[in-house]
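So you can see what is in the structure, the chains are spelled out below.
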Amino acid sequence: MHILRAQTIRSLDEQTIKSGTPGEMLMERAGRGAFRFLTRVAAPGARRFLVASGKGNNAGDAFVVARYLREHGMHVDLLTLAPPQGLSNDARLMFDRAVALGIPVSHGYHELDLVRLFSMWHGDAIIDGVLGTGVH
């Protein structure tokens with residue numbers, strides 16, 4: 001296994017986008033890959049998911065995961081720390097696609113609220129779309 005520094009990952013993303021791959025496509029690939037790993041390896045029997053999202057591009061990846069889960073008949077709840085208008089264009093596109101499938105969304109959570117909420121939530125798996133390469 002290789003562990004990459006956040007700066008390396010950001011640089012690779014930038015290079016990929018500059019070479020002609022749109023950010024939207026990167027989010028789609030990351031979300032689809034995470035969905036496949038989740039449903040085939042990490043939690044193949046899970047049916048109820050909570051997807052928590054921040055304001056960065058990691059949120060866009062999480063919205064793609066939420067969409068794939070919903071499209072495959074899973075129960076998905078979505079929590080957001082940032083309002084949709086505060087998202088990047090690509091992340092907002094992915095948010096809109098997920099919401100169009102009828103995924104219920106709860107807005108306006110703060111990071112500290114998540115700890116309490118996670119401990120009270122009853123389901124199979126929680127997807128982190130909050131922490132990304134920009135976390136401090």
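Residues numbered from 1 in each chain as written. Predicted model: local features only at pLDDT ≥ 70, side-chain atom pairs only at ≥ 80, totals over all residues. Heavy atoms only, no water.

1. Here we look at helix H3 (residues 57-71)
In an α-helix, one turn spans 3.6 residues, which is why side chains three or four residues apart end up on the same side.
Thinking step 1. When the terminal C-alpha atoms of H3 are compared, their 21 Å separation across 15 residues agrees well with the 21 Å that a helix rising 1.5 Å per residue should span.
Thinking step 2. If you check which residues of H3 are buried, you get Ala 59, Gly 60, Ala 62, Phe 63, Val 64, Val 65, Ala 66, Arg 67, Tyr 68 and Leu 69.
Thinking step 3. Looking at the buried side of H3, the elements it contacts are helix H2 (23-42), strand E1 (48-53), strand E2 (75-80), helix H4 (89-99) and strand E4 (125-129). (Helix = DSSP H or I, 4+ residues; strand = E, 2+ residues; numbered from the N terminus. Expected span 1.5 Å × (residues − 1). Buried < 20%, exposed > 50% of the residue type's maximum accessible area, 1.4 Å probe, protein only. Contact = heavy atoms within 4.5 Å.)

2. Let's talk about H4
Thinking step 1. For H4, the full list of buried residues reads Ala 91, Met 94, Phe 95 and Ala 98. Down the axis of H4, the sector holding all buried residues measures 105 degrees, keeping them to one side.
Thinking step 2. Contacts made by the buried residues of H4 are with H2, H3, E2 and strand E3 (105-106). (Arc of directions from axis to C-beta.)

3. A few points about the pattern of salt bridges
Pairing between side chains of opposite charge can happen when the charged atoms of each approach one another.
Thinking step 1. Scanning all chains against the criterion turns up 4 salt bridges.
Thinking step 2. Between Asp 96 and Arg 92 there is a salt bridge, with the nearest N and O atoms lying 3.1 Å from each other. Note that Asp 96 and Arg 92 are positioned in helix H4 at a spacing of 4 residues, about one turn of the helix.
Thinking step 3. Residue classification places Asp 96 among the partly exposed positions, given a relative accessible area of 35%. (Salt bridge = Lys/Arg side-chain N within 4 Å of Asp/Glu carboxyl O.)

4. Concerning the pairing of E1
Thinking step 1. Counting buried residues in E1 gives 5 out of 6 residues, a clear majority hidden from the surface.
Thinking step 2. Considered for its hand, the β-α-β crossover made up of E1, H3 and E2 is right-handed.
Thinking step 3. Sheet topology places E1 next to E4; 5 bridges connect them, and they run parallel. Note that in E4 the partner of Ala 52 across the bridge is Asp 128. (Right-handed = clockwise from strand over helix to strand, strands pointing away. Pairing = 2+ DSSP bridges.)

5. Details of the sheet that holds E2
Thinking step 1. Spatial ordering of the open sheet is given by E3-E2-E1-E4, a layout of 4 strands whose pairing is parallel. Because the sheet does not close on itself, it has two edges, and the strands there are E3 and E4.
Thinking step 2. Judged from the 2 bridges that link them, E2 and E3 form a sheet pairing that is parallel. Paired with Leu 78 across the strands is Val 105, a residue of E3.

6. Quick notes on the nonpolar core
Most often, soluble globular proteins keep nonpolar side chains buried together rather than apart.
Thinking step 1. Counting 26 residues, the largest nonpolar core has Leu 38, Phe 49, Val 51, Phe 63 and Leu 69 as the members making the most contacts within it.
Thinking step 2. For this core, the secondary-structure elements that each account for two or more residues are H2, E1, H3, E2, H4 and E4.
Thinking step 3. Top contributing element to this core by residue count: H3, with 8 residues.
Thinking step 4. Excluding residues that lie within four positions of it along the chain, Leu 38 makes contacts with Ala 43, Pro 44, Phe 49, Val 65, Leu 69 and Ile 127.
Thinking step 5. Counting residues in hydrophobic clusters, the runner-up holds 6 residues, among them Leu 79, Leu 114, Leu 117 and Trp 121. (Core = buried A, V, L, I, M, F, W, Y, C linked by side-chain atoms within 4.5 Å.)

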